[in-house]
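# Architecture at a glance
So you can see what is in the structure, the chains are spelled out below.
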Amino acid sequence: MANEMNGTVAVESLPVSGLPLETRLFIDNEFVDEHDGTHFDTSDPTNAKVIARVQEAGKDDVDRAVKAASRAFEGWSQSSGAFRAQCLNRLADLMDKHMDQLAEMESLDNGKPLTKAKEIDVPFSLAVYRYYAGWADGKLDGKQIPISAGNASANWLCYQRREPIGVCGQIIPWNFPLAMFSWKVAPAVAAGCTVVIKTSEKTPLTGLMMGHLCKEAGFPPGVINILSGHGPTTGEYIVRHPMVDKVAFTGSVDTAQKVLLAAAQSGMKKVTTELGRKSPLIVCKDADLDQALTVAHEGLFFNAGQSCIASSRVFVDEAIYDKFVEKALKRAKEEKLCSPNSPECTQGPVVDMKQFDRVMNYISLGKQEGATLLTGGTRHGTQGYWIEPTIFTDVKDDMRIAKEEIFGPVMTVLKFKTLEEAIVRANATSYGLGAGICSRDIGRALSVAHKLRAGTIYVNCWNVVKPNTPFGGYKQSGVGRELGEDALDNYLEKKTVIVDLSYEDEKDEKAAGDATGGPN
Amino acid sequence: MHRRAHAGASRLRSSSRLQASRVAEGVAKTASSVRLSGLPTEGRLFIDGEFVESSALETFKTHDPATGDLIATVQQANEEDVNKAVAAAKRAFPNWSQADGRFRRDCLYRLADLMERHIDELAEMESRDSGKPITEAKTVDLPLAIEAIRYYAGWADKIQGDTIPLSNHHSTLAYSTREPVGVCGQLIPWNFPLLMFSWKTGPAMATGCTTVMKASQKTPVTAAMLGHLIKEAGFPPGVINILQGPGRVIGDTLINHPDVAKIAYTGSTAQGRRIMRACAEAGMKRVSLELGGKSPLIVLDDADLDQAVKAACQGCFSNMGQCCIASTRIYVQAGVYDEFLRRVGECAAARTIGSPLDAATVHGPQIGEKQIETILAYVEGAHKDGARLICGGKKTSVDGKGHYFEPTVFADVSDDMAISEEEIFGPVMSVHKFKTVDEAVERANASQYGLGAGVCTRDVGKAHSIARRLQAGTVYINTWNQLDAAAPFGGFKQSGQHRELGEAGLEPYTELKTVVADISYRSEQ
């Protein structure tokens, strides 16, 4: 025990001055060049200018990374939990130290307002590492289970151990690059798994910066490997690699289907997914209207609508519908669309041209389908991918803008007559990541919360996500939960050990006891 | 500086090598350690985030049990000081208990980091004040104390309740929250001062309680030194208060203080009984107790004898037998009895007696002269009762100084002898012979205590069957003293109330609140 303790203090932190921009692959604790000369550009969504040319991991590179993770697994999975906890805590410390650089790059690569990156994305991400650090040291316990047969002499020991699954392939999206990195990596390494993580080709840069910090934090080589690349290439290679034991994916429903299929075909790998779609919010007539408006507005327009749990279907009681719409319009117009570097900026551009086109297509579709365009609907400015905060009213449930994920600053408002009707309509979807209700009545609020079929229900709030609140989807919105204690289950196998405790002497003693009428 | 009591015989090689490597590790660590910014010796009271003199300006002296030299003059708290400390803890409670668990967590993590940074000063003072070998202090006490603080830091943002499905759960919401008990009075012993400090402080802080800690009057210095680190770690004033002085005055004042919600005590069963009664009378205060023991270890014929001897010796003699969980009753099956005795005698005799500050020392002095007298009385009693002395049995000294007692083994002990029934708290092992497993289990359990127990056997079925039948809070199989912050520790029967360490260690510091709401509502139609 003392030796292990010494091990935890032995790794001294090295001083790092700057956090350099990095474009190579991070494998086995080193930045290395990819093999076959492929690369891609990542650009600034405010002006479409290239920020950096980034190396894409090909098949051989993925193989190298997975093998590094595989080599690292034995040592890491058997290291003391206290050591894993200290690595995670040091990583959080280093993120704290490099807060500004990480936030600036996150904002530059993704387009999100710098103030949000600084106040939300980076602090939240580092809090996730600290939270899971606390689980690593002796808290991943199994159960001891009393088992017996009708036969009183049968005697067993039965207990459960929780053991890390192995090498995890993790694929994360571009909307919250650092946060998604932390949701995936922290529980996996806390549990004793090793990882190969692929960042999004739209936002690869902060993930690579994390490579420097992972190394400095003292993670042994191969525990965390970071690759850049596209889904159909790098992602596919990771998912299909025979030495990957588990796949974790966050992204779109369509891609998730491909991931599940590939994982099934390549050895029935364990898969967890966190997907999005069309989270409903029900605003009752007894709601605090200002509170409800904040919920609806922040729920949808946060991160320019590029959030998997965005409150994109807002059901409003007809009794307050007009008032709500009037306030929503006023509030949408208060959004400040300008440079993400400006402290005033509340909404940045969407992430890239592809996303811009997709959102604009949905806006024209909404108009064609007969919804009322209350505000927005146009490009903001002449360069970059800003889209005016957009609200459609008089939206019907069967319109595509009410059914499909737009992933942009487009709110759809729907009217309802009775609460029962609203619940049925809110649940009439194959997805179920989030849902919400605004009402001041304790009975109504909580009863509806219990009737909505989604992984997270917000009552008079939205976007409250903490390191310890489990997050994930009902139905097609996902498999498993991230964050909280639950996320550890994604990275741990449970082993039940059953031992027959009967032994020879016992029988002899029993026989002797019987013969003499029992010793006791 | 030190002497080897007897040369180790051939059978002993493996265990003495083991000790030698342990010692070597300690030496290496001492050599490589760097003395950082100094942590001053401290003898004042720590109240409301400040070091203060006692209100009556009374002091007492604490001495090095190895030399008798004065270590420090320490401020002696009286009733008024206790009241001040409780008032500070009470003032601190609302903010601290409602603080984000992450804030409490980070304070604990910083405290652990600071203890690690000052491990040399703390280990040295721990060794000087308590007499324990510095190698032990540095490689066992301090790392375990730091580990416990870190372990509970990790809990601070995970104090979860449950949701409870009621029978009519369609129209109800029921959930539980775990809320901190309040101001806790904590009384710790002298055998592991810093370790006991951390076992008490970790869970109390993680759950959001505030504390008034009383260190033992025999070993008050390291706890007082921690006040500096607590302050530096960012604990708000009043969250942790540390007092030194007589147990009776401080303990009774805490127990009877209306603003103290809970008492946690580690020490003797006699004191524990008194405290429990007093807590009941003083408003049914919550109380957790970790008390004495007479822990049995059963060695079966099929045991790996090297393993068994190591478990018995480390279990009984580590910290000079001054462990509540010491393996003081060894039940050995007839087939290996003589061989076990031979080896355990050699092992005991090979423990290096010396100055605690010598890195090679395995066996230091007892805490004080009174302790030596108690041990001598038990040894004389054992002789009279007919037990057979295998080794040790005498008090001794190093360079003519100190309250040392040789590691002592008695064989042919019967269960009704005083050395078999009563806690000696010294390096005295009593070895008993048995024939059948049932007999051994019955005799092992025939005690008012139930802190620890153990079994040595290579048979997996026997091992766990016996483990299940032993009445003790911790059962060791083929090992002893395997302490870990994650493993609950505490006693069956008169060895205690509640558990320390592990998730279970949080329970005595929380109240469980069940919230039940009717969530039916009138439909609008």
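None of the values given here were measured: they were computed from a predicted structure.

Conventions used here
Residues numbered from 1 in each chain as written. Chains lettered and ligands numbered in written order. Predicted model: local features only at pLDDT ≥ 70, side-chain atom pairs only at ≥ 80, totals over all residues. Heavy atoms only, no water. Helix = DSSP H or I, 4+ residues; strand = E, 2+ residues; numbered from the N terminus. Rg over C-alpha atoms; globule rule 2.2 N^0.38 Å. Buried < 20%, exposed > 50% of the residue type's maximum accessible area, 1.4 Å probe, protein only. Areas by Shrake-Rupley, 256 points an atom, 1.4 Å probe, with all protein chains shown as cover. Lys, Arg positive; Asp, Glu negative; His and termini not counted. Charge placed at Lys NZ, Arg CZ, Asp CG, Glu CD. Domains from an automatic or database assignment. Contact = heavy atoms within 4.5 Å. Buried area = accessible area lost by both parts, 1.4 Å probe. Salt bridge = Lys/Arg side-chain N within 4 Å of Asp/Glu carboxyl O. Nonpolar A, V, L, I, M, F, W, Y, C, P; charged D, E, K, R; others polar. Pairing = 2+ DSSP bridges. Axes fitted to C-alpha atoms, helices over the stretch in contact; angles between N-to-C directions. Phe/Tyr/Trp six-rings, centres within 6.5 Å; stacked < 30°, edge-to-face > 60°. Lys NZ or Arg CZ within 6 Å of the ring centre and 35° of its normal. Polar contact = N/O pair within 3.5 Å; in protein donor to acceptor, adjacent residues only side chain to side chain. UniProt positions renumbered as here; feature names shortened; annotations may be inferred. 1 Å grid on protein atoms, 1.4 Å probe; cavity = no way out; pocket = protein on both sides within 12 Å on 5 of 7 lines; lining within 4 Å. Points joined across faces, edges and corners; volume = space filled by probe spheres on them. pLDDT = per-residue confidence, 0-100. Core = buried A, V, L, I, M, F, W, Y, C linked by side-chain atoms within 4.5 Å.

## Considering the overall build of chain A
- Tallying secondary structure elements over chain A gives 17 helices and 23 strands in all.
- The C-alpha atoms of chain A give a radius of gyration of 26 Å, which matches the 24 Å a tight globule of 520 residues would have.
- On the principal axes, the C-alpha backbone points of chain A span a range of 90 × 55 × 40 Å.
- In chain A, which comprises 520 residues, the proportion classed as buried is 59%.
- Here chain A has roughly 20,000 Å² of accessible surface; of this, 51% comes from carbon and sulfur atoms.
- Of the charged side chains in chain A, 58 are positive and 67 negative, and the gap between their average positions amounts to 5 Å.

## Some details on the domain arrangement of chain B
All names here are of chain B.
- Under the domain assignment, chain B is made up of domain 1 (45-291) and domain 2 (295-485).
- Here domain 1 and domain 2 have C-alpha centroids that lie 30 Å from each other.
- Of the residues lining the interface, 28 residues belong to domain 1; the matching set on domain 2 comes to 28 residues.
- Buried surface at the junction of domain 1 and domain 2, both sides included, amounts to about 2,200 Å², of which 63% is carbon and sulfur.
- Linking domain 1 to domain 2 there are zero salt bridges.
- For the side of domain 1 that touches domain 2, the secondary-structure elements that each account for two or more residues are α4 (119-130), α5 (134-155), α6 (193-207) and α9 (269-281).
- Examining the composition of the side of domain 1 that touches domain 2, we find that six residues originate from one element, α5, more than from any other.
- Residues that form the side of domain 1 that touches domain 2 fall into these classes: 12 nonpolar, eight polar and eight charged.

## Details of the sheet that holds strand β11 (residues 280-283) of chain A
All names here are of chain A.
- Judged by pairing direction, the sheet is mixed, and its seven strands sit side by side in the order β13-β16-β17-β12-β11-β19-β20 without closing on themselves. Each of the sheet's edge strands pairs with one partner strand only, and the pair in question is β13 (372-375) and β20 (456-459). Pairwise comparison of adjacent strand axes, ignoring direction, gives a mean angle of 20° for this sheet.
- This element, helix α12 (residues 353-368), spans β13, β16 (390-393) and β17 (410-416) of the sheet and lies at about 25° to β16.

## Some details on the pattern of salt bridges
Residue and element names in this part refer to chain A.
- Overall, the coordinates contain 52 salt bridges over all chains when judged by the stated rule.
- Note that K139 is salt-bridged to D137, the shortest N-O span being 2.7 Å. The exposure classification of K139 matches that of D137, with both residues buried.
- For the salt bridge of R400 with E404, the shortest nitrogen-to-oxygen distance reads 2.8 Å.

## Focus on the sheet that holds strand β19 (residues 474-477) of chain B
Residues and elements named next belong to chain B.
- Taking strand neighbours across the sheet as the criterion, the seven strands line up as β13-β16-β17-β12-β11-β18-β19 in an open arrangement whose pairing is mixed. Bordering the open sheet on either side are β13 (388-391) and β19, each of which pairs with just one other strand. Taking each pair of neighbouring strands and ignoring which way they run, the sheet shows an average axis angle of 20°.
- Taken together, the three bridges between β13 and strand β16 (residues 408-411) define a ladder with antiparallel strand orientation. Bridge pairing in β16 places C391 opposite V409.
- This element, helix α11 (residues 337-349), spans β11 (296-299), β12 (329-333), β13, β16 and β17 (428-434) of the sheet and lies at about 50° to β13.
- Strands β13, β16 and β17 of the sheet are contacted by helix α12 (residues 369-385), whose axis makes an angle of about 25° with β16.

## What about the interface of chain B and chain A?
- If you look at the interface, chain B gives 44 residues, while chain A gives 47 residues.
- Secondary-structure elements contributing two or more residues to the side of chain B that touches chain A are α1 (13-32), α3 (101-117), α5, β5 (172-180), α14 (437-445) and α15 (460-469) of chain B.
- For the side of chain B that touches chain A, the element with the most residues is α5 of chain B, which contributes eight residues.
- Its residues assigned to classes, the side of chain B that touches chain A comprises 13 nonpolar, 13 polar and 18 charged.

## A look at the packing of aromatic side chains
- Taken as a whole and judged by the stated rule, the model has 20 aromatic pairs over all chains.
- Taking the centre distance of 4.9 Å and the plane angle of 80° together, the rings of Y131 of chain A and Y132 of chain A count as edge-to-face. Pair check on accessibility: Y131 of chain A and Y132 of chain A agree, each one buried.
- Aromatic pair F46 of chain B and F51 of chain B: ring centres 4.9 Å apart, planes at 50°, arrangement tilted. For the pair F46 of chain B and F51 of chain B, one class covers both residues: buried.
- If you follow K139 of chain A out to its NZ or CZ, it ends over the ring of Y151 of chain B, 4.2 Å from the centre.

## Quick word on the side chain of T139 of chain B
- Relative to the elements of secondary structure, T139 of chain B occurs in helix α5.
- At 2.6 Å, the side chain of T139 of chain B and the backbone oxygen of T135 of chain B are in polar contact.

## Re the UniProt feature "domain: Aldehyde dehydrogenase" (unreviewed entry) in chain B
- The sites that UniProt annotates as "domain: Aldehyde dehydrogenase" (unreviewed entry) are residues 51-515 of chain B.
- Its end C-alpha atoms 42 Å apart, residues 51-515 of chain B is made of 40% helix and 21% strand.

## Let's talk about the layout of surface pockets
- Taken as a whole, the second largest pocket encloses approximately 1,300 Å³ of empty space.
- N468 and T469 of chain A together with Q160, G161 and T163 of chain B are, among the 40 residues lining the second largest pocket, the residues nearest its centre.
- For the lining of the second largest pocket, the element with the highest residue contribution is β5 of chain B, accounting for seven residues.
- Looking at the lining of the second largest pocket residue by residue, the class counts come to 16 nonpolar, 13 polar and 11 charged.

## Points about the domain arrangement of chain A
Residues and elements named next belong to chain A.
- Here chain A is partitioned into domain 1 (58-274 + 490-496) and domain 2 (280-459).
- Each of domain 1 and domain 2 was reduced to a C-alpha centroid, and the two centroids are 31 Å apart.
- Facing 17 residues of domain 1, the contacting portion of domain 2 comprises 20 residues.
- There are one salt bridge connecting domain 1 and domain 2.
- For D352, the salt bridge identified is with K202, shortest N-O distance 3.0 Å.
- Taken together, the connections running from domain 1 to domain 2 amount to five residue pairs in polar contact (both at pLDDT 80 or more).
- Residue assignment for the side of domain 1 that touches domain 2 shows that the elements contributing at least two residues are α4 (99-110) and α5 (114-136).
- No other element matches the four residues that α5 contributes to the side of domain 1 that touches domain 2.
- Residues belonging to the side of domain 1 that touches domain 2 are distributed by class as follows: six nonpolar, six polar and five charged.

## Focus: the confidence of the model for chain A
All names here are of chain A.
- Taken as a whole, chain A shows an average pLDDT of 92; of its residues, 92% reach a score of 70 or greater.
- The model gives residues 1-17 a pLDDT under 50, and that stretch makes 30 contacts with residues more than four places away or in other chains.
- Across residues 513-520, where pLDDT falls below 50, the model places four contacts with residues more than four positions away in sequence or in other chains.

## Topic: the UniProt feature "active site" (unreviewed entry) in chain B
- When the UniProt feature table is mapped to this numbering, "active site" (unreviewed entry) covers E290 of chain B.
- Not counting chain neighbours up to four residues away, the residues in contact with E290 of chain B comprise W199, Y265, T266, G267, C324, L451, F489, S495 and E500 of chain B.

## What to know about the nonpolar core
- With 198 residues, the main nonpolar core has F219 of chain A together with F235 and F340 of chain B as its most contacted residues.
- Considering each element in turn, this core owes the most residues, 12 residues, to α5 of chain A.
- If sequence neighbours within four positions are ignored, F340 of chain B has contacts with V299, L305, A308, V309, A312, I330, V332 and V431 of chain B.

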